[in-house]
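# Secondary and tertiary structure notes
One letter stands for each residue in the lines below.
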Amino acid sequence: MASNYVLMSDSDSDLPHEIAKERNIPIVRMPYNLDGAELYDDNGASGAEKALFDRMRAGAKPFTSLLPTAAYLEYFEPHLKRGDLLFLAFSSQMSATFQNVLEAQKELAARYPERKFVVVDTMSISAPQSLLVIGAHDLYRRGASLEEVAQWVLDNRLNAQAWFTVGDLAYLRRGGRVSATSAIMGTMLDIKPILIITRAGKLEAHSKVQGRKKALKTLVDRTAENIGDPAGKTVVILHGDVRDEAEILKTQLKNRLPGLQEIRIQMIGPVIGAHAGPGTLASCFIGRERPV
């Protein structure tokens with residue numbers, strides 16, 4: 001049963017381009033800067049993630065920027081000319097760009113008062129957001145109303161979890177998530193932080209362990225503790241150009257949670273990648289409510 005509105009999201013969801021294409025989900029392309037060039041995330045279509053991590057290993061310092069209100073207007077208006085629109089945005093707590101989304105919504109509501117235009121803050125980014133988008137689109141495909149789909153996302157957004165670790169603390173230090181002293185001492189002692197998306201929709205350090213092997217075990221442990229009944233569920237493993245370790249993590253998760261329906265491995269996108277760096281590993285899923 002076809003729905004009479006458009007469900008849309010942004011590329012910070014890291015929704016693989018082939019899934020977005022197959023499901024006909026329009027995507028707002030988010031900007032990042034690498035070596036002085038402004039680029040736009042295409043969710044893996046061009047393989048730009050590999051180039052980003054190669055350049056970071058060589059010393060490049062990419063950064064992300066806000067998408068202006070005018071760009072959102074260009075993305076949204078063609079859909080509103082034809083019908084209603086539901087936009088699933090990445091967490092408002094991770095970027096001020098969410099305010100530009102709301103400005104565009106306000107302006108377009110005035111232009112098209114006969115249309116419904118709903119914006120939902122997913123309180124997530126990357127694979128947790130994409131899992132919400134896919135779950136919402138499953139309902140959309142079955143003919144659920146715009147309001148029903150929006151409510152499902154609101155009801156489930158705090159169940160979308162990510163547990164991740166990084167390969168080099170220098171990238172978190174550059175983004176201000178750890179102090180220079182902590183980064184130096186952590187590197188010397190081989191300390192690996194375990195980070196999460198909190199109930200407030202922020203990326204924060206949750207705990208720390210010593211050594212990469214223990215970090216991977218912790219990702220498996222936290223996934224098992226927080227996913228609930230694994231039957232029929234999907235885990236997305238994100239990696240910052242460390243496919244071999246992602247495969248190891250996949251094997252460990254399969255052994256620990258044999259009831260999982262799918263474990264998908266994909267490269268992390270350039271927005272999170274620019275801040276977390278090469279070597280990032282994450283386990284993402286929809287399970288119990290976020291612990292903090």
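Located above this text is the structure these notes cover.
Residues numbered from 1 in each chain as written. Predicted model: local features only at pLDDT ≥ 70, side-chain atom pairs only at ≥ 80, totals over all residues. Heavy atoms only, no water.

### Notes on the pairing of strand β9 (residues 191-197)
Sheet faces and side chains relate simply in a regular strand, where the side chains alternate between the two faces. Counted residue by residue, β9 has six buried out of seven residues, so it is predominantly covered. Where strand β8 (residues 160-165) and β9 come together, two bridges link them in antiparallel fashion. Looking at β9, one finds that Trp163 is bridged to Ile196. Pairing analysis gives seven bridges linking β9 to strand β10 (residues 203-210), with the strands arranged antiparallel. (Buried < 20%, exposed > 50% of the residue type's maximum accessible area, 1.4 Å probe, protein only. Helix = DSSP H or I, 4+ residues; strand = E, 2+ residues; numbered from the N terminus. Pairing = 2+ DSSP bridges.)

### With respect to the environment of Leu132
Checked against the element boundaries, Leu132 lands in helix α5 (residues 126-141). We classify Leu132 as buried; its relative accessible area is 0%. Put simply, Leu132 and Arg23 are 109 residues apart on the chain and 14 Å apart in space, counted from C-alpha to C-alpha. Each residue touching Leu132, except ones within four places of it in the same chain, is listed here: Thr122, Ser124, Trp152, Asn156, Arg157, Ala160 and Ile286. (Contact = heavy atoms within 4.5 Å.)

### Details of the side chain of Ser91
Looking at the element boundaries, Ser91 is found in the loop between β6 (84-89) and α4 (97-111). Accessibility expressed as a relative area gives 0% for Ser91, which makes it buried. Here Gly201 takes part through its backbone oxygen, which lies 2.7 Å from a polar atom of the side chain of Ser91. Discounting chain neighbours no more than four positions away, the residues touching Ser91 are Asp121, Thr122, Met123, Ser124 and Gly201. (Polar contact = N/O pair within 3.5 Å; in protein donor to acceptor, adjacent residues only side chain to side chain.)

### A word on the layout of surface pockets
As a volume, the second largest pocket reaches approximately 300 Å³. Leu131, Ile134, Gly135, Asp138, Trp152, Gly232, Lys233, Thr234, Gln261, Glu262, Arg264 and Ile286 are the residues that line the second largest pocket. For the lining of the second largest pocket, the element with the highest residue contribution is α5, accounting for four residues. For the lining of the second largest pocket, the per-class residue count stands at four nonpolar, four polar and four charged. (1 Å grid on protein atoms, 1.4 Å probe; cavity = no way out; pocket = protein on both sides within 12 Å on 5 of 7 lines; lining within 4 Å. Points joined across faces, edges and corners; volume = space filled by probe spheres on them. Nonpolar A, V, L, I, M, F, W, Y, C, P; charged D, E, K, R; others polar.)

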